[in-house]
Amino acid sequence: MTQEFPAGPGPAPAGPAAGSGAVLVMGEALIDLVPSPDGPETYAAQPGGAPANVAAGLARLGTPSWFAGALGGDGFARLIERRLASAGTELGLCARSELPTTLAVADPGPDGTGYHFHLADTATFRLPDHSARVDRFAAVYVGGLAAVVDPAAEAVAATARAGAARSLLVVDPNVREDRTLDPVEGLRRLRELCALAQVVKASDEDLARLWPDAGPEETCRRLAEAGTLVVLTRGARGATAYTRDDGPVSVPAVPVTVVNTIGAGDAFTAGVLHWLRTTGAHVEGGALRLDREQVTAMLGFAAQVAASVCAQSGTEPSLPART
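Read on for an overview of the structure. (Residues numbered from 1 in each chain as written. Predicted model: local features only at pLDDT ≥ 70, side-chain atom pairs only at ≥ 80, totals over all residues. Heavy atoms only, no water.)

Overview of the packing of aromatic side chains
Tallied over the full model, the rule gives two aromatic pairs. Between the aromatic rings of Trp66 and Phe137, the centroid separation amounts to 6.4 Å while the plane-to-plane angle is 80°, which identifies the pairing as edge-to-face. Remark: Phe137 occurs in the loop between strand E9 (112-118) and strand E10 (139-143) and Trp66 occurs in strand E5 (residues 65-68); sequence separation between them is 71 residues. By relative accessible area, Trp66 is classed as buried at 12%. (Phe/Tyr/Trp six-rings, centres within 6.5 Å; stacked < 30°, edge-to-face > 60°. Helix = DSSP H or I, 4+ residues; strand = E, 2+ residues; numbered from the N terminus. Buried < 20%, exposed > 50% of the residue type's maximum accessible area, 1.4 Å probe, protein only.)

Remarks on unusual backbone geometry
A cis amide bond, omega 5°, links Asp150 with the succeeding residue Pro151. Of note in the backbone geometry, Asp121 takes a positive phi value of approximately 55° without being a glycine. Its place among the elements puts Asp121 in the loop between E9 and E10. Classification of Asp121 by relative accessible area gives exposed; the value is 57%.

Points about the environment of Met26
Within the fold, Met26 resides in strand E2 (residues 23-26). Each C-alpha atom, one on Met26 and one on Gly69, is 5.8 Å from the other, the two residues being 43 residues apart in sequence.

Looking at a negative patch on the surface
Negative charge collects at one region of the surface, where Asp245, Asp246, Asp291 and Glu293 lie side by side. Judged by relative accessible area, Glu293 falls into the exposed class, the value being 67%. (Patch = residues over 30% accessible without salt bridge, like charges linked within 9 Å, V, L, I, M, F, W, Y side chains within 5 Å. Areas by Shrake-Rupley, 256 points an atom, 1.4 Å probe, with all protein chains shown as cover. Salt bridge = Lys/Arg side-chain N within 4 Å of Asp/Glu carboxyl O. Lys, Arg positive; Asp, Glu negative; His and termini not counted. Charge placed at Lys NZ, Arg CZ, Asp CG, Glu CD.)

A short note on the packing of helix H1 (residues 50-61) against helix H7 (residues 264-279)
Packing of H1 against H7 brings their axes to within 8 Å, and their N-to-C directions diverge by 50°. The angle between the axes of H1 and H7 places the two elements in the oblique class. Pair H1 / H7 crosses with right-handed handedness. Of the residues in H7, those in contact with Ala50, Asn53, Val54, Gly57, Leu58 and Leu61 of H1 are Asp266, Thr269, Ala270, Gly271, Leu273 and His274. (Axes fitted to C-alpha atoms, helices over the stretch in contact; angles between N-to-C directions. Parallel < 35°, antiparallel > 145°, perpendicular 65-115°, else oblique. Left-handed = near helix turned anticlockwise from the far one by under 90°. Contact = heavy atoms within 4.5 Å.)

Topic: the pairing of E5
Looking along a regular strand, one sees the side chains alternate between the two faces of the sheet. Burial along E5 is two-sided: Ser65 and Phe67 and Trp66 and Ala68, pointing in opposite directions, are all buried. Pairing analysis gives four bridges linking E2 to E5, with the strands arranged parallel. Looking at E5, one finds that Leu24 is bridged to Trp66. (Pairing = 2+ DSSP bridges.)

Quick word on the sheet that holds E2
The strand order E5-E2-E10-E11-E12-E13-E14-E15 describes an open sheet built from eight strands, whose pairing is mixed. Each of the sheet's edge strands pairs with one partner strand only, and the pair in question is E5 and strand E15 (249-251). This sheet shows a mean twist of 15° between the axes of neighbouring strands, independent of strand direction. Summarising the sheet, strand E11 (residues 169-172) and strand E12 (residues 199-203) pair through two bridges and their orientation is parallel. Considered in E12, the bridge of Val170 is made with Val199. Strand contacts of helix H6 (residues 216-225): strand E13 (229-233) and strand E14 (239-242), with the helix running at about 165° to E13, the strand carrying the most contacts.

As for helix H4 (residues 183-196)
The first and last C-alpha atoms of H4 sit 20 Å apart over 14 residues, in line with the 20 Å expected at 1.5 Å per residue. Turning to H4, the residues buried within the fold contact E10, helix H3 (152-166), E11, E12 and helix H5 (204-210). Two or three places before Val184, at the start of H4, stands the capping residue Asp182, its side-chain oxygen 3.1 Å from that residue's backbone nitrogen. (Expected span 1.5 Å × (residues − 1). Polar contact = N/O pair within 3.5 Å; in protein donor to acceptor, adjacent residues only side chain to side chain.)

Structural notes on the environment of Asp107
Within the element layout of this structure, Asp107 appears in strand E8 (residues 103-109). Residue Asp107 is classed as partly exposed on the basis of its relative accessible area, which comes to 45%. With 142 residues separating them in the primary sequence, Asp107 and Val249 have C-alpha atoms 33 Å apart.

Comments concerning helix H2 (residues 75-87)
Under the 1.5 Å per step criterion, the end-to-end length of H2 is 19 Å for 13 residues, consistent within 8% with the ideal 18 Å. Along H2, the residues that are buried comprise Ala77, Ile80, Arg83, Leu84 and Ala87. In an axial view of H2, the angular spread of the buried residues amounts to 125°, which keeps them on one side of the axis. Among the structural elements, strand E3 (30-35), strand E4 (43-48), H1, E5 and strand E6 (70-71) are those in contact with the buried residues of H2. Positive backbone phi, approximately 100°, marks Gly88, located one or two places after H2. (Arc of directions from axis to C-beta.)

A few points about the pairing of E12
With respect to burial, E12 is a largely interior element, five of its five residues being buried. With burial as the criterion, each face of E12 is covered, one bearing Val199, Lys201 and Ser203 and the other bearing Val200 and Ala202. When E12 meets E13, the two strands line up parallel, connected through five bridges. Of the residues in E13, the one forming a bridge with Ser203 is Thr233.

What follows is the structure, given as structure tokens:
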């Protein structure tokens with residue numbers, strides 16, 4: 001059984017009051033099974049999913065976030081719910097189901113972390129369409145697996161179209177490759193979302209997979225020329241933003257002793273969203289009119305947020321110290 005909202009008296013929640021500055025984050029919350037330091041054949045269960053990481057990260061930074069995902073009926077779902085609630089994320093738009101939670105088995109390597117997914121018959125992708133609610137939010141974030149895995153993909157696409165028309169749409173394609181995913185249809189859906197977005201945050205690996213006929217920098221320029229603020233992340237090599245009216249702006253990665261890289265890109269995205277909201281740049285196309293100084297400040301802030309994750313175990317970011 002799946003229901004759109006938690007059982008209870010009265011109508012389904014509409015979301016925050018208009019003008020609250022909250023961000024709607026739509027997508028998956030799942031469990032990452034990551035190698036444990038206790039032994040080579042031991043895995044630890046860690047709440048994950050790029051959208052859930054972004055939602056929790058925003059709340060930790062002080063931006064109200066509503067997570068529009070789906071939670072199952074198992075112990076893993078309760079672990080995810082505790083994580084999101086403890087961060088301060090609102091869960092009133094979450095769907096609920098008795099189905100189990102999706103598992104992502106992490107496979108860290110010298111070139112990054114790969115994943116193998118267990119998706120079939122899980123609650124994680126039973127998402128409703130939230131397009132009727134987007135005008136209550138300062139911004140709408142979509143991306144990740146929910147953007148390509150049915151039945152969630154259609155709901156994500158519909159909500160994204162409404163978000164692009166009535167709010168600020170931020171897309172992180174977060175491309176994943178696994179035998180359980182349809183590469184052709186999945187890449188098509190992610191390209192369409194990127195074309196809709198006012199802001200695209202992507203890694204160089206994401207763009208190489210989405211548009212293999214061009215280098216990541218050329219792809220960024222194409223998207224920027226079409227009126228998108230594009231933020232390209234390269235891990236330890238820093239980040240670059242592309243706008244329609246100015247040349248690329250780059251910042252280096254923040255030096256840190258790396259303990260963990262899982263969730264760092266999602267923390268960077270949360271940093272970008274938090275900066276846009278708190279500076280008012282999310283309003284009436286302001287994200288597309290940032291000057292070079294503002295873009296540098298945005299990237300620098302997001303880099304510090306990402307570094308706060310890399311310097312610890314876990315995926316929870318913290319606000320940079322004031323200088």
